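# Report on the structure
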Amino acid sequence: MKKTALVIMAAGLGSRFGGGIKQLAKLGPSGEIIMDYSIHDALDAGFDKIVFIIRKDIEKDFREIIGNRIEKIAKCEYVFQEIDKLPEGYSVPEGRTKPWGTAHALIQVRENIDCPFAVINADDFYGKEGFRLIHDYLVNEMDEDAKVFDMCMAGYIVGNTLSDNGTVNRGVCKMGENDYLKEINETYDIAKHADGSLVGTDGNGKEVRVDGDAIVSMNMFGFPSSFLDTLIENFPAWLDAHGKEMKSEYLLPYEVSQLMLAGRASVKVLKDHDKWFGVTYAEDKEAVQKSLLELVNQGVYPASLY
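Summarised in this report is the structure supplied together with it. (Residues numbered from 1 in each chain as written. Predicted model: local features only at pLDDT ≥ 70, side-chain atom pairs only at ≥ 80, totals over all residues. Heavy atoms only, no water.)

## A closer look at the layout of surface pockets
In this structure, the second largest pocket encloses a volume near 350 Å³. If you trace the second largest pocket, you find 18 residues lining it, with Leu 162, Ser 163, Asp 164, Lys 275 and Asp 284 closest to the centre. Of all the secondary structure elements, the ones that give two or more residues to the lining of the second largest pocket are strand 8 (181-192), strand 13 (277-278) and helix 7 (284-297). When the residues that make up the lining of the second largest pocket are grouped by side-chain class, the tally is 7 nonpolar, 7 polar and 4 charged. (1 Å grid on protein atoms, 1.4 Å probe; cavity = no way out; pocket = protein on both sides within 12 Å on 5 of 7 lines; lining within 4 Å. Points joined across faces, edges and corners; volume = space filled by probe spheres on them. Helix = DSSP H or I, 4+ residues; strand = E, 2+ residues; numbered from the N terminus. Nonpolar A, V, L, I, M, F, W, Y, C, P; charged D, E, K, R; others polar.)

Structure below.
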């Protein structure tokens, strides 16, 4: 059977959580953090190793709170996303403090990945189904030698991904034949109105309505390892175009979309019916704790994962 890896992006600053390291907040009934559930579900699905992308300044806390524990049950590796990790000849613009984005984070794992892999956000709870769907696709369906990158994505129903405590940004998916992705439209500040309708804005600030059954990307993808080489190759051109902007980000969904538009990638959408939740805002913490306790009471998870 093919080997598979799970890459967890945990280098985010967590600014909307009030400056804390939101990925390390204890939310489960026995003090588990959201990553504990993702790792538990990934190992159950059959993933062989975990690669954490973190910042150097949180390494000590990260290892103490989760890394040392997970190393006892799974093969774990660490890579660091730092703002000054740039190709030769490029430098950080004076005054920039913002990280370079999710695609930049992902290229840091190239030396650690030699097999098909999944990528997720550290602070999102995805549920069991997505890990199983992606693992099965990586092992049984993905053609690593295809001329066009063979990718997959867990697609969530947008109504299952909202926060009661503020707006959310989502990549709303336009579907083609046989559940292949046609495009991802980044939609910002999505909120549920009193009449039940979902309204957000597009990239130009124009109000748009979002179908409650629309499929959205939650940055849960499956990729062949060779995709990382393309991200690395494309980064200098992106820096030439956007590197002087203080808040520009080299974003994974956008790069996937560009490859699709160029006919260089196909993305199979694996429809996931689990309810997503995460700690986007500090006020989400109590709701997430309640949701996790309900899943324990339903027998989906044990009271203590490890």
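## Observations regarding the packing of aromatic side chains
As enumerated under the stated definition, the model contains 17 aromatic pairs in all. The interplanar angle of 90° and the centroid separation of 6.2 Å between the aromatic rings of Tyr 126 and Phe 131 together place this pair among those described as edge-to-face. Plain terms: the ring middles of Phe 149 and Phe 227 are 6.0 Å apart, the flat faces sit at 75° to each other, and that makes the pair edge-to-face. Here Phe 149, found in strand 6 (residues 149-157), pairs with Phe 227, found in helix 5 (residues 227-242); they are 78 residues apart in sequence, far enough to count as distant. Exposure class is identical for Phe 149 and Phe 227. Each is buried. Ring pairing ties together the aromatic residues Phe 117, Phe 149, Phe 221, Phe 223 and Phe 227, which thus form one cluster. The ring of Trp 100 carries the charged tip of Arg 96 above its face, separated from the ring centre by 3.7 Å. (Phe/Tyr/Trp six-rings, centres within 6.5 Å; stacked < 30°, edge-to-face > 60°. Buried < 20%, exposed > 50% of the residue type's maximum accessible area, 1.4 Å probe, protein only. Lys NZ or Arg CZ within 6 Å of the ring centre and 35° of its normal.)

## Overview of the environment of Leu 43
Positionally, Leu 43 belongs in helix 1 (residues 34-45). The class of Leu 43 is partly exposed, set by a relative accessible area of 25%. When the C-alpha positions of Leu 43 and Ile 73 are compared, they lie 9.2 Å apart, and in sequence the two are 30 residues distant. Every residue in contact with Leu 43, bar those within four places of it in the chain, is listed here: Ile 50, Ile 73 and Ala 74. (Contact = heavy atoms within 4.5 Å.)

## Thoughts on helix 6 (residues 252-261)
By the criterion of burial, helix 6 is predominantly enclosed, with 7 of the 10 residues buried. Of the positions making up helix 6, those classed as buried are Leu 252, Pro 253, Glu 255, Val 256, Ser 257, Leu 259 and Met 260. Positive backbone phi, at 75°, marks Gly 263, one or two positions downstream of helix 6.

## A look at helix 7
Here helix 7 spans 20 Å end to end across 14 residues, near enough to the 20 Å set by a 1.5 Å rise per residue. Every buried residue of helix 7 is listed here: Asp 284, Val 288, Leu 292, Leu 295 and Val 296. Taken down its axis, helix 7 places every buried residue within 115° of arc, on the same side. In helix 7, the exposed positions angled more than 90 degrees off the buried face are occupied by Glu 286, Lys 290 and Asn 297. Two residues or fewer after helix 7 comes Gly 299, characterised by a positive phi angle close to 85°. (Expected span 1.5 Å × (residues − 1). Arc of directions from axis to C-beta.)

## Examining the pairing of strand 9 (residues 198-201)
Here strand 8 pairs with strand 9 via 3 bridges, running antiparallel. Bridge pairing in strand 9 links Tyr 188 to Thr 201. In textbook terms, the turn of a hairpin is the stretch between consecutive antiparallel strands, and for strand 8 and strand 9 this stretch comprises 5 residues, one of which, Gly 196, has a positive phi near 90°. Linking strand 9 back to strand 10 (residues 207-210) in an antiparallel pair, the connection comprises 5 residues, with Gly 205 at a positive phi of about 85°. (Pairing = 2+ DSSP bridges.)

## Topic: the side chain of Lys 268
Mapping Lys 268 onto the fold places it in strand 12 (residues 265-272). The charged side chain of Lys 268 is buried without a salt bridge, its nearest counter-charge being Asp 179 at 5.2 Å. There is a polar contact of 2.7 Å between the side chain of Lys 268 and the backbone oxygen of Asn 178. The contact partners of Lys 268, leaving out residues within four places of it in the chain, are Tyr 137, Met 151, Cys 152, Met 153, Asn 178, Asp 179 and Tyr 180. (Lys, Arg positive; Asp, Glu negative; His and termini not counted. Salt bridge = Lys/Arg side-chain N within 4 Å of Asp/Glu carboxyl O. Polar contact = N/O pair within 3.5 Å; in protein donor to acceptor, adjacent residues only side chain to side chain.)

## Looking at the pairing of strand 6
On a regular strand, one side chain projects to one face of the sheet and the next to the other, so that they alternate. Among the 9 residues in strand 6, 8 count as buried, and that is most of the element. Relative to strand 12, strand 6 runs parallel, the two sharing 8 bridges. Paired with Met 151 across the strands is Val 267, a residue of strand 12. As defined by bridge partners, strand 6 adjoins strand 11 (residues 215-223) across 5 bridges and the pair is classed as antiparallel. From the neighbouring strand, Met 153 faces strand 11, where its bridge partner is Phe 221.

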